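Now for the letters of each chain:
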Amino acid sequence: GESVGLHLPTLSVQEGDNSIINCAYSNSASDYFIWYKQESGKGPQFIIDIRSNMDKRQGQRVTVLLNKTVKHLSLQIAATQPGDSAVYFCAETLSNDYKLSFGAGTTVTVRA
Amino acid sequence: DAMVIQNPRYQVTQFGKPVTLSCSQTLNHNVMYWYQQKSSQAPKLLFHYYDKDFNNEADTPDNFQSRRPNTSFCFLDIRSPGLGDAAMYLCATSRPSGTGVSYEQYFGPGTRLTVT
């Protein structure tokens, strides 16, 4: 699979490989995190979320990992497909808040 | 299907000519948000309504105003658009209180604003 250790604005992935997208969040008190996918010309779409009392959560072909010690969040996409090409944003919030703080996005391009 | 709808999808306005963007939702969520998103950047929150309470972000220019006449509808008014206001405007909703609490925000497809 292909991955980035630190957040990078772009990621090019071979179709069928695994992707890892990283995000460093800013508030150590944040206790709820979301990954959004935004395709060109569309609004962000929910992928998966995780609460701070967890360190891993799996969905369909996606896994989110949370490392609170270093304030790091990652999204793993298994068997990346052309339809996964998009910009991915992480977002954080406090559970008693209702405003999301978005991280810088990562543009994922899937090579055929 | 319950959803967030934005009209129009594309809007062209002239420099200085007032423009209104609209958002409606069938989710019955109590919070509605307006974001501005410029190319390759994260969405930037302009303001939000918690029920009827309006909450402006500190750095939102006075040129941007909003109205929420009822639970379902919210409008973004740009009083005198400048070239720098050309962007994608995203509406979102959430339900952070009451039954079925969720901190997830549901986004509409956005309105792409061009200023000529």
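Now for a quick tour of the structure. (Residues numbered from 1 in each chain as written. Chains lettered and ligands numbered in written order. Predicted model: local features only at pLDDT ≥ 70, side-chain atom pairs only at ≥ 80, totals over all residues. Heavy atoms only, no water.)

Quick look at the overall build of chain B
The cut-off we apply is this: Only DSSP runs of H or I covering at least 4 residues are called helices, and only runs of E covering at least 2 are called strands; the numbering of each starts at the N terminus. Radius of gyration here is computed from C-alpha atoms only, and the compact-globule reference equals 2.2 Å multiplied by the residue count raised to the power 0.38. Residue exposure (1.4 Å probe, protein chains only): buried if accessible area is under 20% of the type maximum, exposed if over 50%, otherwise partly exposed. What sets the accessible areas is the Shrake-Rupley method with a 1.4 Å probe; for residues, cover comes only from the shown protein chains. Charge counting follows a simple rule: Lys and Arg are positive, Asp and Glu are negative, and His as well as the terminal groups are ignored. For the purpose of locating charges, the reference atoms are NZ of Lys, CZ of Arg, CG of Asp and CD of Glu.
Of the regular secondary structure elements, chain B holds zero helices and eleven strands. Overall, chain B shows an N-to-C arrangement of helices and strands of β-β-β-β-β-β-β-β-β-β-β. Its C-alpha atoms give chain B a radius of gyration of 14 Å, within 12% of the compact-globule value 13 Å for 116 residues. Principal-axis analysis of the C-alpha atoms places the extent of chain B at approximately 45 × 30 × 30 Å. Per-residue burial for chain B yields a buried fraction of 51% across its 116 residues. Carbon and sulfur atoms make up 50% of the accessible area of chain B, which totals about 5600 Å². Each charge class in chain B was averaged separately, 10 positive and 9 negative side chains, and the resulting centres sit 6 Å apart.

Focus: the sheet that holds strand E7 (residues 64–67) of chain B
All names here are of chain B. Which entries qualify depends on this criterion: For two strands to be treated as a pair, DSSP must find no fewer than two bridges joining them. For every element, the axis is a line fit to its C-alpha atoms; helices are fit only across the contacting stretch, and the angle between N-to-C directions ranges from 0 to 180 degrees.
Spatially, E1-E3-E8-E7 is the arrangement adopted by the four strands of the open sheet, whose pairing is antiparallel. If you trace the sheet from one side to the other, it starts and ends with strand E1 (4–7) and E7, each paired once. Averaged over neighbouring strand pairs, the angle between their axes works out to 20° when direction is ignored. Relative to strand E8 (residues 73–78), strand E3 (residues 19–25) runs antiparallel, the two being bridged by six bridges. Note on E8: the bridge partner recorded for Leu-21 is Leu-76.

Some remarks on the side chain of Gln-6 of chain B
Residue and element names in this part refer to chain B. Filter applied, for reference: We define a polar contact as two N or O atoms separated by no more than 3.5 Å, with the added condition that, inside protein, one atom must be a possible hydrogen donor and the other a possible acceptor, whereas residues neighbouring each other in sequence contribute only through side-chain atom pairs.
Note on placement: Gln-6 falls in strand E1. The class for Gln-6 is buried, based on a relative accessible area of 2%. At 2.9 Å, the side chain of Gln-6 forms a polar contact with the backbone nitrogen of Cys-91. Within the structure, the side chain of Gln-6 is placed 2.9 Å from the backbone nitrogen of Gly-110, a separation counted as a polar contact.

A closer look at the state of the cysteines
Selection criterion: Two cysteine sulfur atoms form a disulfide, by the criterion used here, when they sit within 2.5 Å.
One pass over the full model with this rule turns up two disulfides over all chains. Residue Cys-23 of chain A pairs covalently with Cys-90 of chain A via a disulfide, S to S 1.7 Å. One end of the pair, Cys-23 of chain A, is in strand E3 (residues 19–24); the other, Cys-90 of chain A, is in strand E9 (residues 86–93), with 67 residues separating them in the sequence. Comparing Cys-23 of chain A with Cys-90 of chain A, the two get one shared label, buried. Through a disulfide, Cys-23 of chain B is tied to Cys-91 of chain B; the S-S separation comes to 2.0 Å.

A closer look at the pattern of salt bridges
What counts is decided by this rule: By convention in these notes, a salt bridge is any Lys or Arg side-chain nitrogen within 4 Å of a carboxyl oxygen on Asp or Glu.
Summed over all chains, the structure comprises five salt bridges over all chains. Between Asp-49 of chain A and Arg-57 of chain A there is a salt bridge whose closest N-O contact spans 2.2 Å. For Arg-67 of chain B, the salt bridge identified is with Asp-77 of chain B, shortest N-O distance 2.7 Å. With Arg-67 of chain B in strand E7 and Asp-77 of chain B in strand E8, the pair connects residues that are ten residues apart, well separated along the chain. Assessed through its relative accessible area of 14%, Asp-77 of chain B is described here as buried.

A word on unusual backbone geometry
Residue and element names in this part refer to chain B. A cis amide bond links Asn-7 with the next residue in sequence, Pro-8, at an omega value of -10°. Along the polypeptide, Pro-8 turns up in the loop between E1 and strand E2 (10–13). Positive phi, close to 65°, is recorded for Ser-40, a residue that is not glycine. Along the chain, Ser-40 falls in the loop between strand E4 (31–37) and strand E5 (44–50).

Brief notes about the interface of chain A and chain B
Put simply, the rule reads: The contact criterion used is simple: two residues touch if any of their non-hydrogen atoms lie within 4.5 Å. Once two parts are joined, some of their accessible surface, as seen by a 1.4 Å probe, is lost; buried area is that loss totalled over both.
At the junction of the two partners, chain A supplies 19 residues and chain B supplies 21 residues. Summing the contributions of chain A and of chain B, the shared interface buries around 1600 Å²; its carbon and sulfur component is 60%. Looking at the side of chain A facing chain B, the largest losses of area belong to Tyr-98, Lys-99 and Phe-102 of chain A, adding up to 35% of the total buried there. At the boundary of chain A with chain B, the tally comes to one salt bridge. A salt bridge links Glu-57 of chain B to Lys-99 of chain A; its shortest N-O distance comes to 2.9 Å.

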